[in-house]
Amino acid sequence: MAAMAHGSSLITGLSRGQDVTHTLRAVERFSVIVTDAGDGRVRVERPIRHEPDDGLDHGNAGTGIRLTAGVCAGIDGMSVLTGDRFLRRRPMERIPAPLRLMGASVDGRQGGKLAPLVIRGDSLTGITYAPKVASGQDKGARLLAGLSATGPTAVEEVHATRRHTEEMLPSSEPGCGWTLTG
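Residues numbered from 1 in each chain as written. Predicted model: local features only at pLDDT ≥ 70, side-chain atom pairs only at ≥ 80, totals over all residues. Heavy atoms only, no water.

Got a minute to help me understand the overall build of the protein chain in this structure?
Scanning the protein chain for helices and strands turns up 5 helices and 12 strands. In terms of overall dimensions, the protein chain is globule-like: its C-alpha atoms have a radius of gyration of 15 Å, near the 16 Å expected for 182 residues. Expressed along its principal axes, the backbone C-alpha trace of the protein chain runs to roughly 40 × 40 × 30 Å. Taking all 182 residues of the protein chain together, 42% fall into the buried category. (Helix = DSSP H or I, 4+ residues; strand = E, 2+ residues; numbered from the N terminus. Rg over C-alpha atoms; globule rule 2.2 N^0.38 Å. Buried < 20%, exposed > 50% of the residue type's maximum accessible area, 1.4 Å probe, protein only.)

Even after reading the chapter, I still don't get the sheet that holds strand S7 (residues 114–121), so can you show me in this structure?
Within a sheet, adjacent strands bond to each other through the backbone by hydrogen bonds, running parallel or antiparallel. Judged by pairing direction, the sheet is mixed, and its 4 strands sit side by side in the order S4-S5-S7-S6 without closing on themselves. Strand pairing shows two members of the sheet lacking a second neighbour, strand S4 (56–57) and strand S6 (105–109), which therefore form its edges. In terms of strand pairing, S4 meets strand S5 (residues 77–82) through 2 bridges, oriented parallel. Residue pairing in the sheet places leucine 56 in a bridge with leucine 81 of S5. (Pairing = 2+ DSSP bridges.)

I keep staring at the sheet that holds strand S3 (residues 42–45) and nothing clicks. Help me out?
The 3 strands are arranged S1-S3-S2 in an open sheet whose pairing can be described as antiparallel. Each edge of the open sheet carries a strand with a single partner, namely strand S1 (8–11) and strand S2 (33–36). If you compare each strand with its neighbour and ignore which way they point, the axes differ by 15° on average. Where S2 meets S3, 4 bridges bridge the pair, whose relative direction is antiparallel. Counted as the bridge partner of threonine 35 is arginine 43 from S3. (Axes fitted to C-alpha atoms, helices over the stretch in contact; angles between N-to-C directions.)

Structure, rendered in structure tokens:
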């Protein structure tokens, strides 16, 4: 979220776990300035504006790769998202379909079912999407893509999922770019 914001963000209490570290390194590939104080404080400056300068290795961070896919869908250019051999076996098929409906080009192994994923961002259009499977990660990818879309993006949940992404986004007031129902 900080890498998408204008200005400078200070993150405190940042985990030193591998998933967070891999995601942080992936964010740096977008020429975002990340200053790590080494004590759980990280300053993030210069928002993501263009395609990354290299592939985005998420290690085994399933949340990281799925959320980053949503961000990449709204960026003009090509992004390649991959991970370790375990992540490359995990299902990604629920990510490409809604991003394609919004206007992004998404491909990958087995037609986008497995990473590496290749995403060519474009001008996105907001959609209303009712996922067949409840997943907070998949929902987060759609909501983050919706931030770059023209028109609202809505996710209709049949079963509630984790709300981590929407809790970090602005409130669902009219005009914010996304809504959540269910």
